[in-house]
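# Coordinate analysis (summary)
If you want the building blocks of each chain, they are given just below.
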Amino acid sequence: MLSEVVPRRQFQNFIHNVITPQKYGETHPEYFPLVNGERYIPEPGNRYWRPCESNPEVQRLVVEYARKWFDDHPNIDSFSVGMDDISHLCSCDNCRAWDPEPDSYEKRKFSDRHYKFVNVIAKEIAKTHPDRYVGTLIYNIARELPGSDS
């Protein structure tokens, strides 16, 4: 009996390659997380932040980047929107609306928002690359199961 050979898939953080401070820091600060009432523009190379995941333009840019990644790498079947040990996450009203409880941000419980973002990206990728995977990792801030609407 033959079984599927599952190749090593990409589940590390690629988001920092898509929304870069060098490219968008000055022109589109709204792509970066709102932290303590101000947009956090990270230093180049800093991977410990997430963009404003509820921002439709951020979602569009990630989808476009992933599609190009798949087109440019036909032998790779996955693209990751996973996270590292994140220290800076967005607290804008739209991102907080993705959290299940009013105090989820303060408690650093981000499973719902993270998986909503992952699903937005995956649904769009499936339209053009149905044989590819969108991956993520379970880190401390997104280890709990999301709610049923995520």
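Residues numbered from 1 in each chain as written. Predicted model: local features only at pLDDT ≥ 70, side-chain atom pairs only at ≥ 80, totals over all residues. Heavy atoms only, no water.

### Points about the overall build of the protein chain
Assigned secondary structure in the protein chain consists of six helices and four strands. For the protein chain, the α and β elements follow one another from N to C terminus as α-α-β-β-α-β-α-α-α-β. Here the protein chain has a C-alpha radius of gyration of 16 Å; the compact-globule value for 150 residues is 15 Å, and the two agree. Counting only C-alpha atoms, the protein chain reaches 55 × 35 × 25 Å along its principal axes. Looking at the protein chain residue by residue over its 150 residues, the buried ones come to 44%. Total accessible area computed for the protein chain in this model is approximately 8,700 Å², and 50% of it derives from carbon and sulfur atoms. Averaging the locations of the 19 positively and 23 negatively charged side chains of the protein chain gives two centres separated by 3 Å. (Helix = DSSP H or I, 4+ residues; strand = E, 2+ residues; numbered from the N terminus. Rg over C-alpha atoms; globule rule 2.2 N^0.38 Å. Buried < 20%, exposed > 50% of the residue type's maximum accessible area, 1.4 Å probe, protein only. Areas by Shrake-Rupley, 256 points an atom, 1.4 Å probe, with all protein chains shown as cover. Lys, Arg positive; Asp, Glu negative; His and termini not counted. Charge placed at Lys NZ, Arg CZ, Asp CG, Glu CD.)

### Thoughts on the nonpolar core
Ranked by size, the top nonpolar core spans 22 residues in total, and within it I19, Y31, V62, F79, V81, F117 and I121 carry the most contacts. Broken down by secondary-structure element, the contributors of at least two residues to this core are α1 (15-18), α3 (56-72) and α6 (111-128). With seven residues, α3 is the single largest residue contributor to this core. If you look at the next biggest cluster of nonpolar residues, it comprises nine residues, including M83, I86, L89 and Y105. (Core = buried A, V, L, I, M, F, W, Y, C linked by side-chain atoms within 4.5 Å.)

### A look at α6
With 18 residues, α6 extends 26 Å from end C-alpha to end C-alpha; this agrees with the ideal 26 Å at 1.5 Å per step. Regarding α6, the residues found buried are S111, D112, R113, H114, Y115, K116, F117, V118, I121 and I125. Elements in contact with the buried residues of α6: α1, α3, α4 (93-97), α5 (104-107) and β4 (133-135). (Expected span 1.5 Å × (residues − 1). Contact = heavy atoms within 4.5 Å.)

### Structural notes on the layout of surface pockets
Of the voids in this model, the largest pocket is the one considered here, and its volume is about 220 Å³. Of all elements in the fold, only α5 and α6 reach the threshold of two or more residues within the lining of the largest pocket. Here the residues of the lining of the largest pocket are counted per class, giving five nonpolar, three polar and eight charged. (1 Å grid on protein atoms, 1.4 Å probe; cavity = no way out; pocket = protein on both sides within 12 Å on 5 of 7 lines; lining within 4 Å. Points joined across faces, edges and corners; volume = space filled by probe spheres on them. Nonpolar A, V, L, I, M, F, W, Y, C, P; charged D, E, K, R; others polar.)

### Quick word on the state of the cysteines
Applying the stated criterion to the full structure yields zero disulfides. With no disulfide of its own, C95 has C52 as its nearest cysteine by sulfur position, at a separation of 3.8 Å. (Disulfide = S-S within 2.5 Å.)

### Observations regarding the pattern of salt bridges
Pairs may arise between side chains of opposite charge once their charged atoms sit close together. Going through the model one piece at a time under the given rule, you end up with eleven salt bridges. For K68, the salt bridge identified is with D72, shortest N-O distance 2.5 Å. Residue K68 and its partner D72 are both found in helix α3; the two are separated by four residues, about one turn of the helix. For E124, the salt bridge identified is with K127, shortest N-O distance 2.8 Å. Residue E124 and its partner K127 are both found in helix α6; the two are separated by three residues, about one turn of the helix. The partly exposed category is assigned to E124, whose relative accessible area is 28%. Residue class for K127 comes out exposed when judged on its relative accessible area of 61%. (Salt bridge = Lys/Arg side-chain N within 4 Å of Asp/Glu carboxyl O.)

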